[in-house]
Amino acid sequence: MKLTLKIWRQQNNQAKGHFETFEVSDVSKDMSFLEMFDVLNERLINEGKEPIAFDHDCREGICGACSMYINGRAHGPWHETTTCQLHMRAYNDGDTIVVEPWRASAFPVIKDLTVDRSAFDRIIQAGGYISVNTGNAVDANAIPIDKTDADHAFAAAACIGCGACVAACKNSSAMLFTSAKVSQLALLPQGDPERKQRAMDMVAQMDKEGFGSCTNTGACEAECPKGISLANIARLNREFIAAGFSSEA
Amino acid sequence: MKWSQFFNTSIGKKLLVGATGLFLCSFVIVHLAGNLSLLKEDNGEAFNIYAAFMGHNGLIQFIAWGLKIVILLHAIIAIQLTIRNRAARPVKYAVRPGNKTSSWYSRQMAVMGSILFIFIVIHLSQFWWAMHYGDLNTVSYNGAAPIGNLYEAVWFAFKELWIVALYVIGMIALSFHLIHGFKSACQTFGLNHKKYNGILHFIGVWIFGILIPVGFAVIPVVIYIKQI
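Residues numbered from 1 in each chain as written. Chains lettered and ligands numbered in written order. Predicted model: local features only at pLDDT ≥ 70, side-chain atom pairs only at ≥ 80, totals over all residues.

(A) Spatial organisation of the overall build of chain B. Looking only at helices and strands, one finds nine helices and two strands in chain B. Each helix and strand of chain B, ordered N terminal to C terminal, gives the series α-α-α-α-α-α-β-β-α-α-α. Across its three principal directions, the C-alpha atoms of chain B cover 65 × 45 × 40 Å. Here chain B holds 228 residues, and the buried ones make up 30% of them. (Helix = DSSP H or I, 4+ residues; strand = E, 2+ residues; numbered from the N terminus. Buried ≥ 20, exposed ≤ 12 C-beta atoms within 10 Å, placed from the backbone.)

Listed below in structure tokens is the structure:
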């Protein structure tokens with residue numbers, strides 16, 4: 001396959017970026033999207049040019065590092081698929097593919113296609129944890145948990161924090177991410193003691209980072225590689241309303 | 001979290017937009033029910049008596065002013081959120097997904113809302129202003145005290161095709177605004193549950209999104225056709 005790639009190049013956060021066009025040939029349909037980038041980068045290095053910077057880690061679709069906005073879609077055209085699991089059979093000979101970094105003021109570009117997603121870390125630090133005292137390990141299954149709640153918590157915990165929800169949202173809202181993190185803890189007894197403070201603190205941090213607000217368009221759910229549901233956003237809203245209305249401070 | 005902090009968060013602001021929006025949804029039902037009397041073949045008696053009641057009852061006047069404040073609040077907070085949302089993406093994408101990941105009307109709430117706002121201003125200046133501060137002809141039914149003949153003014157206005165078109169456009173904007181708006185407000189209030197999503201979808205799309213805007217739009221169209 002022969003493809004034309006238009007890739008966003010940006011030297012650093014301060015520099016002005018631009019699109020650079022590359023022609024790649026001999027692309028196999030069995031290559032992953034990132035492997036195609038590896039081949040292109042090898043060529044660039046051999047030619048003495050700077051390779052394209054992009055994030056990747058596990059290449060198994062579970063780490064959430066790869067973050068390309070491909071032809072207007074977060075992680076490309078396949079449903080519930082990360083960029084590393086997107087394969088070149090999604091494309092045809094002669095296609096032009098435009099690759100951009102996640103675009104959000106809360107995710108500043110570091111270089112080319114890599115963005116700084118530490119805003120997500122700070123949202124987690126604001127309350128996305130449970131405080132566990134030290135001591136002996138508690139017996140497994142000592143606390144009964146409703147099966148439906150366990151299933152919903154598990155589904156929410158599937159979030160890999162990749163940022164596709166922010167990238168796909170027209171408002172760059174981080175509500176799907178934050179709601180998944182709030183949900184997975186709010187549904188379980190271990191998360192219960194801190195649930196109100198957690199909802200308030202994580203929402204406050206999310207706002208502070210400069211993410212937009214949710215207008216319920218559903219683009220995040222459509223693009224989430226882990227199929228996180230909008231029901232989590234409704235749950236976050238309920239958690240936040242309950243916390244805000246009942247807090248005494 | 002103090003109330004001032006609560007309502008300054010993104011979710012707090014969205015709750016205000018949702019609450020005012022749902023209040024406005026309840027208003028359109030009442031407004032349509034009253035307006036349908038325009039189509040009654042009684043030369044305006046039912047409509048004029050209804051309009052006179054709405055225009056002079058103290059409680060309804062209080063709610064009517066509240067309604068205008070609610071519309072402004074809804075618009076102002078939504079504009080605040082929109083400005084913030086636009087600022088959250090300073091560099092736009094070169095390629096966008098179009099309607100592949102979301103419906104166009106869910107993304108264009110601000111545009112639909114702006115069209116509606118312009119429509120409401122025109123609509124109020126046409127009829128509400130005429131009712132309260134204009135010089136309507138008066139009419140008397142069954143020997144009662146004379147009341148303003150708003151019915152006549154409405155029929156006169158809808159002789160003009162462009163005014164009818166303006167109202168139809170306004171109602172198309174209302175339709176798309178509410179198809180997304182009702183469900184969106186429910187979601188903001190946390191109403192999302194497998195068992196009830198179907199009925200919320202039905203109410204949002206078929207009642208608020210289609211039945212009510214079509215009901216409103218039918219009035220000027222029928223009055224125009226009757227006068228050709």
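Next comes the rest of the description.
(B) Fine view of the overall build of chain A. Helix and strand content of chain A: eight helices and seven strands. Expressed as lengths along the three principal axes of its C-alpha atoms, the size of chain A is roughly 60 × 35 × 35 Å. Per-residue burial for chain A yields a buried fraction of 47% across its 249 residues. Of all intrachain contacts in chain A linking residues separated by at least 6 positions in sequence, the fraction that spans at least 24 positions is 71%. (Contact = placed C-beta atoms within 7 Å.)

(C) Seen up close, the environment of A:Ala219. Mapping A:Ala219 onto the fold places it in helix H7 (residues 219-223). In the structure, A:Ala219 is positioned 114 residues away from A:Ser105 in sequence and 18 Å away in space, judged by C-alpha atoms. Each residue touching A:Ala219, except ones within four places of it in the same chain, is listed here: A:Ala168, A:Cys169, A:Lys170, B:Thr101 and B:Ser102.

(D) Examining the sheet that holds strand S2 (residues 18-24) of chain A more closely. All names here are of chain A. A sheet is described by the order of its strands in space; here five strands give the open sequence S2-S1-S5-S3-S4, paired in mixed fashion. On the outer flanks of this sheet lie S2 and strand S4 (73-74), each paired with one strand and no other. Pairing of strand S1 (residues 3-9) with S2 involves seven bridges; the strand directions are antiparallel. Counted as the bridge partner of Lys-6 is Thr-21 from S2. (Pairing = 2+ DSSP bridges.)

(E) Structural detail: the nonpolar core. Residues and elements named next belong to chain A. Judged by nonpolar contacts, the single largest core of 75 residues is most densely connected at Cys-165, Val-166, Ala-168 and Leu-176. For this core, the leading source of residues is helix H5 (residues 175-186), giving seven residues. Counting contributing residues per domain, this core is built from domain 1 (3-111) and domain 2 (117-246), each supplying no fewer than three. Residue contacts for Cys-165: discarding those within four places in its chain leaves Ala-174, Leu-176, Phe-177, Cys-220, Glu-223 and Cys-224. (Core = buried A, V, L, I, M, F, W, Y, C linked by C-beta atoms within 7 Å. Domains from an automatic or database assignment.)

(F) Just the packing of helix H2 (residues 10-35) of chain B against helix H8 (residues 161-188) of chain B, in detail. Residues and elements named next belong to chain B. Direction vectors running N to C along H2 and H8 enclose 130°, while the axes themselves pass 9 Å from each other. As summarised for this structure, H2 and H8 are arranged oblique, according to the angle between their axes. Judged by the sense of rotation from one axis to the other, the crossing of H2 with H8 is left-handed. For the pair H2 and H8, the contacting residues are Lys-14, Leu-15, Gly-18, Gly-21, Leu-22 and Cys-25 in the first and Leu-178, Gly-181, Phe-182, Ala-185 and Thr-188 in the second. Taken together, the residues of the contact of H2 with H8 break down into six nonpolar, four polar and one charged. (Axes fitted to C-alpha atoms, helices over the stretch in contact; angles between N-to-C directions. Parallel < 35°, antiparallel > 145°, perpendicular 65-115°, else oblique. Left-handed = near helix turned anticlockwise from the far one by under 90°. Nonpolar A, V, L, I, M, F, W, Y, C, P; charged D, E, K, R; others polar.)

(G) Local environment of H2(B). The end-to-end C-alpha distance of H2(B), which contains 26 residues, comes to 37 Å, matching closely the 38 Å that a straight helix rising 1.5 Å per residue would cover. Listed as buried for H2(B) are B:Ser10, B:Ile11, B:Gly12, B:Lys13, B:Lys14, B:Leu15, B:Val17, B:Gly18, B:Thr20 and B:Gly21. (Expected span 1.5 Å × (residues − 1).)

(H) The arrangement of the domain arrangement of chain A in detail. Residue and element names in this part refer to chain A. Examined at the domain level, chain A breaks down into domain 1 (3-111) and domain 2 (117-246). Computed over C-alpha atoms, the centres of domain 1 and domain 2 are 29 Å apart. Looking at the side of domain 1 that touches domain 2 residue by residue, the class counts come to eight nonpolar, seven polar and three charged.

(I) Molecular detail of the UniProt feature "transmembrane region" (unreviewed entry) in chain B. Residues and elements named next belong to chain B. The UniProt record annotates "transmembrane region" (unreviewed entry) at residues 15-39, 59-83, 104-129, 161-179 and 199-225. Measuring from the first to the last C-alpha atom of residues 15-39 gives 37 Å, for a span that is 84% helix and 0% strand. Its end C-alpha atoms 36 Å apart, residues 59-83 is made of 100% helix and 0% strand. (UniProt positions renumbered as here; feature names shortened; annotations may be inferred.)

(J) Layout of the interface of chain A and chain B. Each partner contributes to the interface: chain A provides 42 residues, whereas chain B provides 35 residues. The leading source of residues in the side of chain A that touches chain B is helix H8 (residues 231-246) of chain A, at nine residues. Here the side of chain A that touches chain B is composed, by residue class, of 19 nonpolar, 15 polar and eight charged.

(K) How the structure looks around the packing of helix H4 (residues 58-87) of chain B against helix H6 (residues 109-132) of chain B. All names here are of chain B. Where H4 contacts H6, the axes come no closer than 11 Å and their chain directions differ by 150°. One way to sum up the angle between H4 and H6 is to call them roughly antiparallel. As H4 packs across H6, the resulting crossing turns out to be left-handed. Residue-level contacts link Ile-71, Ala-75, Ala-78 and Thr-82 of H4 to Ala-110, Gly-113, Phe-117 and Ile-120 of H6.

(L) Structural view of the environment of A:Asn92. Residues and elements named next belong to chain A. Along the polypeptide, Asn-92 turns up in the loop between S4 and strand S5 (96-101). Its 10 C-beta neighbours within 10 Å are what place Asn-92 among the exposed residues. A C-alpha to C-alpha distance of 8.1 Å links Asn-92 and Leu-3, two positions 89 residues apart in sequence.

(M) Just unusual backbone geometry, in detail. With a phi close to 45°, A:Asp112 is a non-glycine residue in the positive phi region. Within the secondary structure, A:Asp112 sits in the loop between strand S6 (109-111) and strand S7 (114-115). Classification of A:Asp112 as buried rests on a count of 22 C-beta atoms within 10 Å. One non-glycine residue, B:Asn43, lies in positive phi territory at about 60°. Inspection of the secondary structure puts B:Asn43 in the loop between H2 and helix H3 (45-56).

(N) How the structure looks around the pairing of S5(A). Sheet topology places S1(A) next to S5(A); four bridges connect them, and they run parallel. Following the sheet pairing, A:Leu5 is matched in S5(A) by A:Ile97.

(O) Local environment of helix H6 (residues 195-208) of chain A. Its 14 residues place the ends of H6(A) 20 Å apart at the C-alpha level, agreeing with the 20 Å of an ideal helix rising 1.5 Å per residue. The set of residues buried in H6(A) consists of A:Lys196, A:Arg198, A:Ala199, A:Met200, A:Met202, A:Val203, A:Gln205 and A:Met206. For H6(A), the secondary structure elements touched by its buried residues are helix H2 (118-125), H5 and H8 of chain A together with H2 of chain B.

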